[in-house]
Amino acid sequence: MSNQQKRLEELNERLSNYVQNYPIKLIFPANVFGTKQKSKLNLQEEEQQSPSTYKDENVPIRTSTDFINYRLLDSDINFLAEEATPLNNITDALQDFVADLEKTGCYESVQVVLGRPKDLPSNNEARQLDVILQEKNWYKLYIGGGIKQDHASAISSNGMIPKVQFESSASLINLSGECDVTQLNYAVDQTSTPTLVFSHTRPLYSLLSGSLSDSILNMDDGSKIGVTLKASLDTVDYEHIRSSRDHVQKIGVKVANSTIGSSSTGHGPGNDEIYSGLEWSLALRDIVPRRSLSSPYQCDASPEVLAGCGPNLKHSLKADYRLNGYLTDDRFNPTAGIDSYGGVEVAGPPGDIGFIKTWGGGAVHIPIVPELDEEEKDQAGFFNNLLNGLSLHSSIHFGALKGLSFGGLCSGSDATNLSDRFHVGGSHQLRGFLPSGIGPRSLVGGASTPAGDSLGGEVFYTASTMLSMPFPGNRLLQSNGVRLFGFANAGTLTSFGNAMDIGAFMRSSRTAVGGGISVGTQMGKIELTYAVPLRYGPSDARRSIQGGIGFTFG
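Owing to the predicted nature of the structure, the values given are computational and were not obtained by experimental measurement.

### So, the pairing of strand S4 (residues 126-135)
So, point 1. In terms of burial, S4 is a largely internal element, 10 of the 10 residues being buried.
So, point 2. In S4, alternate side chains face the same way, and those of Ala126, Gln128, Asp130, Ile132 and Gln134 on one face and Arg127, Leu129, Val131, Leu133 and Glu135 on the other are all buried.
So, point 3. Of the pairings in the sheet, the one linking strand S1 (residues 23-34) to S4 comprises 7 bridges and is parallel in character. Counted as the bridge partner of Phe33 is Ile132 from S4.
So, point 4. Of the pairings in the sheet, the one linking strand S3 (residues 107-115) to S4 comprises 8 bridges and is antiparallel in character. Note that in S4 the partner of Ser109 across the bridge is Gln134.

### Topic: the environment of Tyr530
So, point 1. Note on placement: Tyr530 falls in strand S19 (residues 524-535).
So, point 2. Separated by 14 residues in the primary sequence, Tyr530 and Ser544 have C-alpha atoms spaced 5.3 Å apart.
So, point 3. Here Tyr530 is in contact with Phe487, Val513, Gly514, Gly515, Ser544 and Ile545, once residues within four sequence places are set aside.

### Brief notes about the packing of helix H4 (residues 65-74) against helix H5 (residues 87-103)
So, point 1. Running from N to C, H4 and H5 point in directions that differ by 130°, and their axes come no closer than 9 Å. Relative to H5, H4 is oriented oblique. Considering how the two elements wind past one another, H4 and H5 form a crossing that is right-handed. Residue-level contacts link Phe67, Ile68, Arg71 and Leu72 of H4 to Leu94, Phe97, Asp100 and Leu101 of H5.
So, point 2. Per-class residue counts for the contact of H4 with H5 are 6 nonpolar, no polar and 2 charged.

### Topic: the side chain of Gln429
So, point 1. Locating Gln429 in the fold gives a position in the loop between strand S15 (391-403) and strand S16 (459-470).
So, point 2. A distance of 2.9 Å separates the side chain of Gln429 from the backbone nitrogen of Gly425, its partner in a polar contact.

### Looking at a negative patch on the surface
So, point 1. Taken together, Asp76, Asp92, Asp96 and Asp220 make up a surface patch of like negative charges.
So, point 2. One can find Asp92 in helix H5.
So, point 3. Residue classification places Asp92 among the partly exposed positions, given a relative accessible area of 38%.

### What to know about the packing of aromatic side chains
So, point 1. Taken as a whole and judged by the stated rule, the model has 5 aromatic pairs.
So, point 2. Centroid distance Tyr70 to Tyr205: 5.3 Å. Interplanar angle 85°. Geometry classified as edge-to-face. Within this pair, whereas Tyr70 is found in helix H4, its partner Tyr205 is found in the loop between strand S8 (194-203) and helix H6 (210-217), the two being separated by 135 residues in sequence.
So, point 3. For Tyr70, a relative accessible area of 29% puts it in the partly exposed group.
So, point 4. With a relative accessible area of 5%, Tyr205 lands in the buried category.
So, point 5. Across the ring face of Phe496, the terminal group of Lys402 is positioned such that the distance to the ring centre comes to 5.8 Å.

### Let's talk about the pairing of strand S14 (residues 355-367)
So, point 1. As paired elements, strand S13 (residues 337-347) and S14 share 11 bridges and run antiparallel to each other. Looking at the pairing, Gly343 lines up with Trp359 of S14.
So, point 2. Bridge count for S14 against S15 is 13 bridges, and the pairing is antiparallel. Counted as the bridge partner of Gly361 is His397 from S15.

About the cut-offs
Residues numbered from 1 in each chain as written. Predicted model: local features only at pLDDT ≥ 70, side-chain atom pairs only at ≥ 80, totals over all residues. Heavy atoms only, no water. Buried < 20%, exposed > 50% of the residue type's maximum accessible area, 1.4 Å probe, protein only. Helix = DSSP H or I, 4+ residues; strand = E, 2+ residues; numbered from the N terminus. Pairing = 2+ DSSP bridges. Contact = heavy atoms within 4.5 Å. Axes fitted to C-alpha atoms, helices over the stretch in contact; angles between N-to-C directions. Parallel < 35°, antiparallel > 145°, perpendicular 65-115°, else oblique. Left-handed = near helix turned anticlockwise from the far one by under 90°. Nonpolar A, V, L, I, M, F, W, Y, C, P; charged D, E, K, R; others polar. Polar contact = N/O pair within 3.5 Å; in protein donor to acceptor, adjacent residues only side chain to side chain. Patch = residues over 30% accessible without salt bridge, like charges linked within 9 Å, V, L, I, M, F, W, Y side chains within 5 Å. Areas by Shrake-Rupley, 256 points an atom, 1.4 Å probe, with all protein chains shown as cover. Salt bridge = Lys/Arg side-chain N within 4 Å of Asp/Glu carboxyl O. Lys, Arg positive; Asp, Glu negative; His and termini not counted. Charge placed at Lys NZ, Arg CZ, Asp CG, Glu CD. Phe/Tyr/Trp six-rings, centres within 6.5 Å; stacked < 30°, edge-to-face > 60°. Lys NZ or Arg CZ within 6 Å of the ring centre and 35° of its normal.

Everything listed here is a matter of geometry and, on its own, says nothing about what the molecule does.
Listed below in structure tokens is the structure:
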């Protein structure tokens, strides 16, 4: 490198540092403008004519100026700083602000312009912030197909049984100007079971007034705290594990830090931010046993399941959090970082079901051998290429459920409800065993599995240790995130009383070892595994070859 090139690089570096550290004071509040949705033809015409600015367009918008300024403040943009802020810090904060607004699903585009007001001298550090919004239509209609997930576990999506379903929805978007969304969803799965859900989501502060609203806005990310009102009619199919279905009519209110207007639930695909929420709900549940195919007037379920069938009213308050892979390098197929989730739920009067339930878990992902780039792969030897990108993964999940009678007002002191217990097994949770494949089972068979109906348990744990690596010898699969892994996992599920003997509880553990292939997709983590159960009970439902999709690496 010549001296002239070195001096040029040094000059460019000094110029870059100067621009990044250029001091700026922002004028509060920011201006908010609307811009038209332009087609390709419009853009070609504007190139031939003198272009008009966003200020000249003067497009009316629904979005509230106050809402935008609240969001700017929550993005750590300090308008009130006595000293000027480096431009680089402001740029980073504005990037977060734009990304947050785009995630709401209310805008085609969000742009931010820094300008100098005309009434200020040229040497003044103050700058005016202009936010230019291109809003989406105020309504949205959708008709299509998707996958329904019937969850065999109350703690996560592990062990789900997917079903194809027809989906349709109608949404009203940003009518109040604060990224509120009102939505009506209707779906019918392949067994002709309908689902109807109505929800309305908006910022919490907009429902309050005076000091209460100010208190919310003064919290960290106060304008991002949302409230969702929800009512639903649904049928959850558990016939594959315990010969029954739950018909659920539910209303609820949830306060969470999830993005306002986002279609994400906080734990599903599309949400890779830390989630925390508090939910109140009232649900009328009717547990209906499976009917015999040969005689529809007879039930095809075990006596234990039949004893738990019938209607019940569940009134509960739940608090939970999920890191959603925020601290990992990849949410669905991580190789480095940590992840965790947890929650607690209390049910009681005026419902007739009483309990306290808690669950949680965590995972650690440690890279052992750094992943080589393409040039390094060509130069590395066979052994180094074989171990390229090797990572260690360790995870643990647990839960406990204790029935409460509340002085005789609720059932639950003697036996918890079938639908509230934990069910353990399946891909992503305890490989080598079917969904709900371990734990207490019916003594007189049942239609769900040859081993009998799963009755669930009140205390469980699962733990796994894995080694994973990029798919060897195929760069196309490697570039798409396909990995091979080997694992050893253990877990158990039992009643609360039996779990009091810690030694017996741990000795009841089921174990399995094996290997598989996995890939992270926008829908979740897909894996195919082969497992060899090493320790199991006579009534456990086992399976060596399994495939599944889930939201966690466990």
